[in-house]
Amino acid sequence: MKLSLLKNRLALSYLLLILFTPILSAAEIPVIAAASNIKFALEDIATAFHQETGKSLRISYSSSGNITRQIQQGGPFELFLSANAQYVEQLHQQHKTLDQDKVFALGRLALLSPINSKVILDEQLTGLKQALQAGKLQRIAIANPKHAPFGIAAREVLQKQQLWDTILPHLILGENAAQATQFASSGAAQVGLVSYSLALAPALKNRVRYLLIPSSLHQPLQQTAVLLNNAGDTAKLFFHYLQQEKARGILSRHGYTLP
Amino acid sequence: MDWQALALSVKLSSVTLLFLLPIGILLGRWLAYRQFWGKSLLQTLLALPLVLPPTVLGYYLLVAFSPNQGLGLWLVNTFGTTLIFNFQGLVLASIIFNLPFAIHPMQRAFAAIPREIREAAACCGMRPSLVLWKIELPLAWPGIVSAMVICFAHTLGEFGIVLMVGGNIPAETQTIAIAIYDRVQSFDDHAAAVMSFSLLLFSMLTISFTYWLSARSERTHD
Amino acid sequence: MTDSAIQITLQQASPIPLSVQLECKSGELLALVGPSGSGKTTVLRAIAGLYQAQNAQIICQGEVWQNSMQNIFLAPHQRHVGLVFQHYALFPHMTVLENIQQAITHLPKQQRQTQALELLKKVHLEGLEQRYPKNLSGGQQQRVAVARALARQPKVLLLDEPFSAVDQVTRRKLYRELLVLRESLSMPMILVTHDLDESNLLADHIALLHKGEILQTGSPDFVAAHPKSATIARLMDQQNLFTAQVIAHDQATQKTYLRWRGTLIEATYQAQFAINERVCWMIQSENILLHRRGRPSNGNKENPLQGQITEYMESSGLAHLRVQVDKQLDTTISINVPLHVAKRNALGLHEEIGLSLLSEGIHLMPYQALRSES
């Protein structure tokens, strides 16, 4: 008897749940996509934006190439902050974009290793060469050049210093700029050639050592913002906000060069 | 602790269960009771997600529902929505991926009911829907509960497919498993640790509870 | 045919061959008898609607349950059948009372309990309402199954070897209970069994089933005494089965004469067999007289035979003898006598005795090769 009563109650709640599921759908805050190297800078900018306008955004981070693919497949993003201009160009040609794009910052690379590592970090990467020859360097982390612009830049730098072929067997690829940094900072890789902005992250303070790489060693990492076809008012507002005083200040503090 | 991501994960698991319960019961029962041409082919198809890498399923879902052609395009034109990069898409992927975990235990549970008992019920004057409600479901209940437990836990931890067809959108497709991944990449080890441990606890509690429940009903229904 | 409560006709060639025509009156018990695999359970399931035969007609108490030609087929829950399964098929997750109540669909909730309790009383299971099937003995489970079948107020009661799963003592008790219960039941009853003693005890009529075909129907005594063929005689467990040749018929004396093993045998007049035709014949033990030692009588004169006892077994107050009457050809006759008769005549192994075959007990059947004869 008791069991059948329980069963009836369950059946009723089950029915109610099914009926009300549509109502429980996600909030309607606009979604934007950003390359993961810009994470910490963007969080600060978004907070400032919210304080000034009262509007909120949801941000999805991934590698620029991955985001481009998602946009091609109909991803619901209204604004795209890419780590280079080429991916945005691709989207222009596929008519996924609303307007002109804007290069709002220039990214920089940094050599990074855990704080107690003995590897010498220098601009010519001689310290790296030495450590390699001495057999002290097993793994080096960069973002995956296949779909992360910071990885492409890292490869350029290594090629310029004639280290690419030697380093190739020791390379581990982060799925995006952030993961590459995480590999290097945690010690999974002894060294990483990663986004400077991420190396500056407060969370990594006192955990890592880093060195800024001259921008002459690689093609400029043009951080490009573009509105997408379904961009709403908030996204458009944010697009402009990015180019203004406050946002530029934040970008600068996080290690980006301003155009 | 990313409460939003946790709530999303629980919601995803629950909604998946809501669909899988009737699907599992109907399909599991059908497969348990009937022989028909093509049955082994169907069973193979239904068992595929057991061995299929999640990325393969994710890939096929992306291809199928891409709004630029075919089914995806039709969906956009007809309903104005897609089945990727949103919660509904995750539910669909989740249902497909959990089919064998739902169907196999339920099929076994129904097959274990002696045919004579169902026949005796019919001879008592019960029409088939009543036989299902009063006889088959109570006897198959432990198997059904086990199936639901496994599906819930499995969905809670699902990562590969969610990553591929989800788009990592907070409050929409950023499940707790993704959130943990996200925190690690943000160098927020503390948050990652807190969430991982909470998830571990939550999973253990859920499984213990449902095993207790099924053991209890087994005692009554021997 | 018309005053029968249930009429069944089943014809099909495959997958299970069936050739059945049966009927049973209200209050009567028909036993479907046959060896395993003969199709008895299939027939029962067809009556219940659990099996759909290809060409069938089943009419019960005026309701057409199946008519293949008119495409009528009622599902089991639409027929009012009471079926007692071989292993009872009680619902394991319900108490005894709940099990029975499932079949009482025609009463409102409150009255169901009262009705169920009454049925329990009828099968002598008062006090066991709240028990679960797993806590019941085999005999108790069977009674619950019967009560549940009756709770349906069925138009026909079907029993599928319901006594096969219990021990002999319990079985005897259940036989007695069924016989008593029968008195109060007004529906036709069909019992499936492979046990001839059971069918002899319980049934008004039997139908002998062999490979899906009904070979003979009739009262148990009649079929045992007058099987239509040697196959049927075998199925009825007749021991004394032989071949012979018809020599002559004498209508005046109402005798038919046979030659059997060089001996002349007198049987009752059965002129349907031609002169010189080979036949099979049988005689039941109750139609064989033992010649009493030292006290010859007139009865000894009918078909007298001399022989030696080659087997002697005592059980349940009877002595089972096998008497070899033809030394060269190893022909034996089986006879059962009460134990006190065997003792009085000092019967035992290797004893020489005389037998008389009563001519009215000699039953002729069409010839077929018998394995037992060389």
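Residues numbered from 1 in each chain as written. Chains lettered and ligands numbered in written order. Predicted model: local features only at pLDDT ≥ 70, side-chain atom pairs only at ≥ 80, totals over all residues.

Novice: What am I meant to see in the overall build of chain C here?
Specialist: When its secondary structure is counted, chain C shows 9 helices and 21 strands. Taken over the C-alpha atoms alone, chain C extends approximately 75 × 50 × 35 Å along its principal axes. Here chain C, with 374 residues, has 39% of them falling under the buried criterion. For chain C, long-range pairs separated by at least 24 residues make up 64% of all intrachain contacts whose partners lie at least 6 apart in sequence. (Helix = DSSP H or I, 4+ residues; strand = E, 2+ residues; numbered from the N terminus. Buried ≥ 20, exposed ≤ 12 C-beta atoms within 10 Å, placed from the backbone. Contact = placed C-beta atoms within 7 Å.)

Novice: In this structure, what is going on with the overall build of chain B? I would like to understand it.
Specialist: A count of helical and extended segments in chain B gives 10 helices and 0 strands. If one aligns the C-alpha atoms of chain B with their principal axes, the spans along those axes are about 65 × 45 × 30 Å. Every one of the 222 residues in chain B was classed for burial, and the buried ones make up 45%.

Novice: So what exactly am I meant to see when it comes to the arrangement of the chains here?
Specialist: Of all 2 pairs of chains that touch, the greatest number of contacts is found between chains A and B. Nothing in chain A touches chain C, and the closest approach of their C-alpha atoms is 10 Å.

Novice: Whenever I open this one, the domain arrangement of chain C confuses me. Can you help?
Specialist: Accessible area lost upon the coming together of the parts serves often as the stated size of an interface. Residue and element names in this part refer to chain C. Each assigned domain of chain C is listed with its residue range as follows: domain 1 (6–234), domain 2 (239–289 + 297–303 + 359–374) and domain 3 (304–356). Distance between the C-alpha centres of domain 2 and domain 3: 20 Å. Each partner contributes to the interface: domain 2 provides 12 residues, whereas domain 3 provides 12 residues. The residue inventory of the side of domain 2 that touches domain 3, partitioned by class, reads 2 nonpolar, 7 polar and 3 charged. (Domains from an automatic or database assignment. Nonpolar A, V, L, I, M, F, W, Y, C, P; charged D, E, K, R; others polar.)

Novice: What's the story with the interface of chain A and chain B in this structure? I'm lost.
Specialist: At the junction of the two partners, chain A supplies 26 residues and chain B supplies 22 residues. Elements with a contribution of two residues or more to the side of chain A that touches chain B: α1 (2–20), β2 (58–62) and α8 (177–186) of chain A. Of the residues in the side of chain A that touches chain B, the class split is 12 nonpolar, 12 polar and 2 charged.

Novice: What exactly am I supposed to notice about the nonpolar core here?
Specialist: As a rule of thumb, soluble globular proteins bury nonpolar side chains together. Counting residues in hydrophobic clusters, the biggest one holds 132 residues, and the most contacted among them are C:L32, C:I47, C:L158, C:I190 and C:W281. Broken down by element, the residue count for this core peaks at 13 residues, all from helix α7 (residues 128–156) of chain B. If we ignore the near neighbours within four places in the chain, the residues touching C:I190 are C:C24, C:L30, C:L32, C:L44, C:I47, C:V156 and C:L158. Counting residues in hydrophobic clusters, the runner-up holds 106 residues, among them A:A177, A:A231, B:L83 and B:F85. (Core = buried A, V, L, I, M, F, W, Y, C linked by C-beta atoms within 7 Å.)

Novice: Sorry, what's going on with the sheet that holds strand β6 (residues 140–143) of chain A here?
Specialist: Hydrogen bonds between backbone groups are what pair the strands of a sheet, and the pairing can be parallel or antiparallel. Residue and element names in this part refer to chain A. Spatially, β7-β6-β8-β5-β9 is the arrangement adopted by the 5 strands of the open sheet, whose pairing is mixed. Each having just a single partner strand, β7 (171–174) and β9 (208–212) make up the two edges of the open sheet. Taken pair by pair, the neighbouring strands of this sheet meet at an average axis angle of 30°, ignoring direction. Inspection of the sheet shows strand β5 (residues 109–114) paired to strand β8 (residues 191–195) by 4 bridges, in the antiparallel sense. Note on β8: the bridge partner recorded for L109 is S195. This element, α8, spans β5, β6, β7, β8 and β9 of the sheet and lies at about 150° to β8. (Pairing = 2+ DSSP bridges. Axes fitted to C-alpha atoms, helices over the stretch in contact; angles between N-to-C directions.)

Novice: Help me out: how do you make sense of the sheet that holds β2(A) in this one?
Specialist: Residues and elements named next belong to chain A. Strand order in the open sheet formed by 5 strands is β2-β1-β3-β10-β4, and the pairing between neighbours is mixed. Every other strand in the sheet has two partners, leaving β2 and β4 (102–107) as the edge strands with one partner each. With strand direction ignored, the average angle separating the axes of adjacent strands in the sheet is 20°. With 5 bridges joining them, β4 and strand β10 (residues 221–227) adopt antiparallel strand pairing. Bridge pairing in β10 links K102 to A225.

Novice: Help me out: how do you make sense of helix α2 (residues 39–53) of chain A in this one?
Specialist: Because an α-helix completes one turn every 3.6 residues, residues spaced three or four positions apart along the sequence face the same direction. All names here are of chain A. Across its 15 residues, α2 extends 21 Å between first and last C-alpha, which sits within 8% of the 21 Å expected from 1.5 Å per residue. Of the positions making up α2, those classed as buried are K39, F40, A41, L42, I45, A46 and F49. A positive phi of about 80° marks G54, the residue just after α2. (Expected span 1.5 Å × (residues − 1).)

Novice: Any chance you could explain the interface of chain B and chain C here in plain terms?
Specialist: Counting from both sides, the interface comprises 17 residues of chain B and, opposite them, 18 residues of chain C. Per element, the largest residue contribution to the side of chain B that touches chain C is 6 residues, and it comes from helix α6 (residues 115–123) of chain B. Across the side of chain B that touches chain C, the residue classes tally to 10 nonpolar, 3 polar and 4 charged.

Novice: So what exactly am I meant to see when it comes to the environment of A:Q124 here?
Specialist: Residue and element names in this part refer to chain A. Relative to the elements of secondary structure, Q124 occurs in the loop between β5 and α5 (126–133). Judged by local crowding, Q124 falls into the exposed class, with 10 C-beta atoms found within 10 Å. Through-space distance from the C-alpha of Q124 to that of Q179 is 24 Å; in sequence the pair is 55 residues apart.

Novice: Can you walk me through the pairing of strand β2 (residues 18–24) of chain C in this structure?
Specialist: The side chains of a regular strand alternate, first on one face of the sheet and then on the other. Residues and elements named next belong to chain C. Within β2, 5 of the 7 residues are buried, which leaves it mostly tucked inside the rest of the structure. Here strand β1 (residues 6–12) pairs with β2 via 7 bridges, running antiparallel. Looking at the pairing, Q12 lines up with L18 of β2. The turn linking β1 back onto β2 is made up of 5 residues.

Novice: I would appreciate a short explanation of the packing of α6(B) against α7(B) in the present structure.
Specialist: Helix packing geometry: the angle between the two helix axes and the distance between the axes. Residue and element names in this part refer to chain B. Running from amino to carboxyl end, α6 crosses α7 at an angle of 135°, the nearest separation of the two axes being 10 Å. Classed by the angle they form, the pair α6 and α7 counts as oblique. The element α6 and its partner α7 pack so that their crossing is right-handed. Packed against α6, whose contacting residues are I117, R118, A121 and A122, the element α7 presents V131, I135 and E136 at the interface. Looking at the contact of α6 with α7 residue by residue, the classes come out as 5 nonpolar, no polar and 2 charged. (Parallel < 35°, antiparallel > 145°, perpendicular 65-115°, else oblique. Left-handed = near helix turned anticlockwise from the far one by under 90°.)

Novice: Please explain helix α11 (residues 245–253) of chain A as it appears in this structure.
Specialist: All names here are of chain A. Within α11, burial applies to A247, I250 and L251. In an axial view of α11, the angular spread of the buried residues amounts to 100°, which keeps them on one side of the axis. Looking at the buried side of α11, the elements it contacts are α2, β4 and α10 (233–241). Positioned one or two residues after α11, G255 has a phi angle of 95°, which is positive. (Arc of directions from axis to C-beta.)

Novice: Explain the packing of helix α3 (residues 64–72) of chain A against helix α4 (residues 85–93) of chain A here, please?
Specialist: All names here are of chain A. Across the interface, α3 lies against α4 with an axial gap of 10 Å and an inter-helix angle of 10°. Classified by the angle their axes make, α3 and α4 are roughly parallel. Listed contacts from α4 to S64, G65, T68 and I71 of α3 are Y87, Q90 and L91. The residue makeup of the contact of α3 with α4, split by class, is 3 nonpolar, 4 polar and no charged.

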